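# Chains, contacts and geometry: an overview
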Amino acid sequence: PEGADFDPTVSRDGKWIAFASTQHRPTSDIYIKSVNGRTITQLTADPANDVMPAISPDGQRIAFCSSRGGNWDIFAMAVSGGQAVQITGDLSHELHPSWSPDGKKLVFCRLGETSGRWEMWVLDVMGSSSAEFLGYGMFPQWCPVAKTGADGRDKILFQRSRERGDRAFGLWTIDYRSGDASSPTE
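A brief report on the enclosed structure follows. Fair warning: this is a prediction, and the values are worked out from it, not measured in the lab. (Residues numbered from 1 in each chain as written. Predicted model: local features only at pLDDT ≥ 70, side-chain atom pairs only at ≥ 80, totals over all residues. Heavy atoms only, no water.)

All right, on to the overall build of the chain then. A count of helical and extended segments in the chain gives 0 helices and 16 strands. Relative to the 2.2 N^0.38 estimate, which gives 16 Å for 186 residues, the radius of gyration of the chain is 16 Å and therefore close to what a compact globule would have. Considering the chain as a whole, with its 186 residues, one finds that 44% of them fall into the buried category. In the chain, 25% of the contacts between residues at least 6 apart in sequence involve partners at least 24 apart. With an accessible surface of roughly 9800 Å², the chain has 52% of that area assigned to carbon and sulfur atoms. (Helix = DSSP H or I, 4+ residues; strand = E, 2+ residues; numbered from the N terminus. Rg over C-alpha atoms; globule rule 2.2 N^0.38 Å. Buried < 20%, exposed > 50% of the residue type's maximum accessible area, 1.4 Å probe, protein only. Contact = heavy atoms within 4.5 Å. Areas by Shrake-Rupley, 256 points an atom, 1.4 Å probe, with all protein chains shown as cover.)

See the structure below:
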């Protein structure tokens, strides 16, 4: 009767926790609270579901997924609240945003309309370029430390189904630099 709390994330400085919750109604909203505090602030109040929050490296913005457009899209807003800005607007489902170490890009997964598989994409948050396809996988997580991959590239961790035998998933990484994703490693 009290609702459920899920999709927790902690800010990089360790001061804030953001999460999704159905505390106040059947659909989920995004909430934030200080790690050491008791006050919980509701950031979204859309009738649709808002889930999978990700706090930007500077702690100023939250990216999240919302079904407010009839399918899952990525939105972003200030951690202090206010208007959410739609980041993606594709007809396919887009989920699980993760910020680049500099806070300028998001990696997320999209259910490919043609492939029918989960695909990973990178998008400039300021909208200066189109989304860049990285490969097949889901639940991408950008390494919070820049240039930890080969040749000074960023490392992105993700989950991918094994394409032979069973339906189990494996954990993979890729080394990413704008325009190039390389060295997929299980």
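All right, on to the side chain of Asp73 then. Here Asp73 shows up in strand β7 (residues 73–78). Although Asp73 is buried, it forms no salt bridge, and the closest oppositely charged side chain is Arg110 at an N-O distance of 7.5 Å. Among the polar contacts listed, one links the side chain of Asp73 to the side chain of Gln86, at a separation of 3.4 Å. Residue contacts for Asp73: discarding those within four places in its chain leaves Phe64, Cys65, Ser66, Gln86, Thr88, Gly89, Asp90, Ser92 and Glu94. (Lys, Arg positive; Asp, Glu negative; His and termini not counted. Salt bridge = Lys/Arg side-chain N within 4 Å of Asp/Glu carboxyl O. Polar contact = N/O pair within 3.5 Å; in protein donor to acceptor, adjacent residues only side chain to side chain.)

The 4 strands are arranged β9-β10-β11-β12 in an open sheet whose pairing can be described as antiparallel. Each end of this open sheet is capped by a strand with a single partner; those strands are β9 (94–99) and β12 (132–136). Strand-to-strand twist in this sheet, taken as the mean axis angle between neighbours without regard to direction, amounts to 25 degrees. Note that strand β10 (residues 105–111) and strand β11 (residues 118–124) share 7 bridges and pair antiparallel. Counted as the bridge partner of Leu106 is Leu123 from β11. (Pairing = 2+ DSSP bridges. Axes fitted to C-alpha atoms, helices over the stretch in contact; angles between N-to-C directions.)

Okay, the environment of Arg117 next. Note that Arg117 resides in the loop between β10 and β11. Residues Arg117 and Cys65, spaced 52 residues apart in sequence, show a C-alpha to C-alpha distance of 19 Å.

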